[in-house]
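Here is what each chain is made of, one letter per residue.
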Amino acid sequence: MLHNCGDFGIVNAIQMSLSEMQIPRHKAAIFSGIGCSGKTSHFINVYGVHTLHGRVLTFAQGAKLANPDMEIIAVGGDGDGLGIGAGHFVAAGRRNLDMTYIIFNNGVYGLTKGQASPTLKLGEKTKSLPAPNTNYNVNPIGLAIASGFTFVARGYAYDVRHLKDLIVAAVQHKGLAFLDVLQPCPTYNDINTRDWYAGMDRVDEVTKKPQPRTYHLEDTGYDPVVHYGSETELNEKLAQALIKSLEWDTKIPTGIFYKNEVISQYDKRIMDKIPNYLENYPAIQTISANGRPTTDISPILDSLSI
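Let me begin by describing the structure that accompanies this report.

Remarks on the environment of His 26
Line of reasoning, step 1. Mapped onto the secondary structure, His 26 falls in the loop between helix H1 (7-21) and strand S1 (28-32).
Line of reasoning, step 2. As a C-alpha pair, His 26 and Glu 236 span 210 residues in sequence and 40 Å in three-dimensional space.
Line of reasoning, step 3. Residue contacts for His 26: discarding those within four places in its chain leaves Tyr 47 and Met 70.

Below is the structure:
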């Protein structure tokens, strides 16, 4: 990573959040995909799994199902999660496993020479593109809301302490949490730069100070929480979150857009079919003894013989 890459702010925020929550190292795991964010699982001193391009959520969900006592954080780039991994992103939202997914969103494929990622706006031309982007962009917040994520938030890589607070809230949320982190790429994205987010091109004529584009939702009295779970309240919270997610350019909201702990977590749904799931989850089951499997499937094989 380049020395002033936004990845460092995100990694620092994850480290700070885990330290603040005092989660034991052996009780947390970071799963990463392919791209600039892929080294995150190497940089943090907990269990780490560096997975395949676009498949980080499948690995992470499998780990959470196998060992629900673990705090699982999956990370990946906007191309990794919303390009090749978009199908897994939507499928994960339907399940509502109790884990966190963080996307490093810089609008480009920063590891492979800056091609337009799914989040780059239509018509924008970064310095590595031969022509303006011809595709409409994905709205990560809107897609997460539509897919069923029960905690949806946005942070900014250079607002590290605020981002740390969002990660703490995401990990402590009871359900599937998504955090979209806006991250300047100083190598390839020369549009959404640190100066652009800081409003250096928008100097107030009176105060002579720049007007930052990002602001905190919580400072405006915005309430993202589904308190009761009625259909009317749920629709209102979903609608306001979607509307807020469309703000861009001169005003970019960061903070929690939507939070719903009324919807059941996936492990509770599993217990409807396997009542002792949390008492005997896969990670603590004995599957072999003396090098031999403890499960005898010979009756099944015998029944299939012709």
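Moving on from the coordinates now.
Here we look at the pattern of salt bridges
Line of reasoning, step 1. Under the defined criterion, the tally for this structure stands at 8 salt bridges.
Line of reasoning, step 2. A salt bridge links Glu 247 to Lys 244, with the nearest nitrogen and oxygen atoms 3.0 Å apart.
Line of reasoning, step 3. When the shortest N-O distance is used, the salt bridge between Lys 268 and Asp 267 registers 3.6 Å.
Line of reasoning, step 4. Given the relative accessible area of 40%, Lys 268 is considered partly exposed.
Line of reasoning, step 5. Each of Glu 20, Lys 164 and Asp 165 takes part in a single network of salt bridges with overlapping partners.

Details of the pairing of strand S4 (residues 100-105)
Line of reasoning, step 1. Along S4, 6 of the 6 residues are buried, which leaves the element largely enclosed by surrounding structure.
Line of reasoning, step 2. Alternating positions in S4 separate into two faces, Thr 100, Ile 102 and Phe 104 on one and Tyr 101, Ile 103 and Asn 105 on the other, with burial throughout.
Line of reasoning, step 3. One ladder, built from 5 bridges, connects strand S3 (residues 71-77) with S4; its direction is parallel. Following the sheet pairing, Val 75 is matched in S4 by Ile 102.

Digging into the sheet that holds strand S2 (residues 47-50)
Line of reasoning, step 1. Strand order across the open sheet formed by 8 strands is S2-S1-S3-S4-S8-S7-S10-S9, with mixed pairing between neighbours. Each edge of the open sheet carries a strand with a single partner, namely S2 and strand S9 (214-216). Within this sheet the neighbouring strands show an average axis-to-axis angle of 20°, counted without direction.
Line of reasoning, step 2. Strand contacts of helix H3 (residues 56-66): S1, S3 and S4, with the helix running at about 180° to S3, the strand carrying the most contacts.

Calculation criteria
- Within each chain, residues carry numbers counting from 1 in the order of the written sequence.
- Side-chain atom pairs in this predicted model are given and counted only at pLDDT of 80 or more, local residue features only at pLDDT of at least 70, and totals for whole chains, interfaces and linings cover all residues.
- The side-chain values count all of the structure's non-hydrogen atoms but skip hydrogen atoms and water molecules.
- Numbering of helices and strands runs from the N terminus; a helix is a DSSP stretch of H or I covering at least four residues, while a strand is a stretch of E covering at least two.
- Two residues form a contact once any of their heavy atoms are found within 4.5 Å.
- We define a salt bridge as a side-chain nitrogen of Lys or Arg found within 4 Å of a carboxyl oxygen belonging to Asp or Glu.
- Burial status follows relative accessibility: with a 1.4 Å probe on protein chains alone, a residue under 20% of its type maximum counts as buried, one over 50% as exposed, and anything between as partly exposed.
- Paired strands, as defined in this entry, are two strands with at least two bridges between them according to DSSP.
- Each axis is a line fitted through C-alpha atoms, and for a helix only the stretch in contact is used; angles between axes span 0 to 180 degrees, taken between their N-to-C directions.

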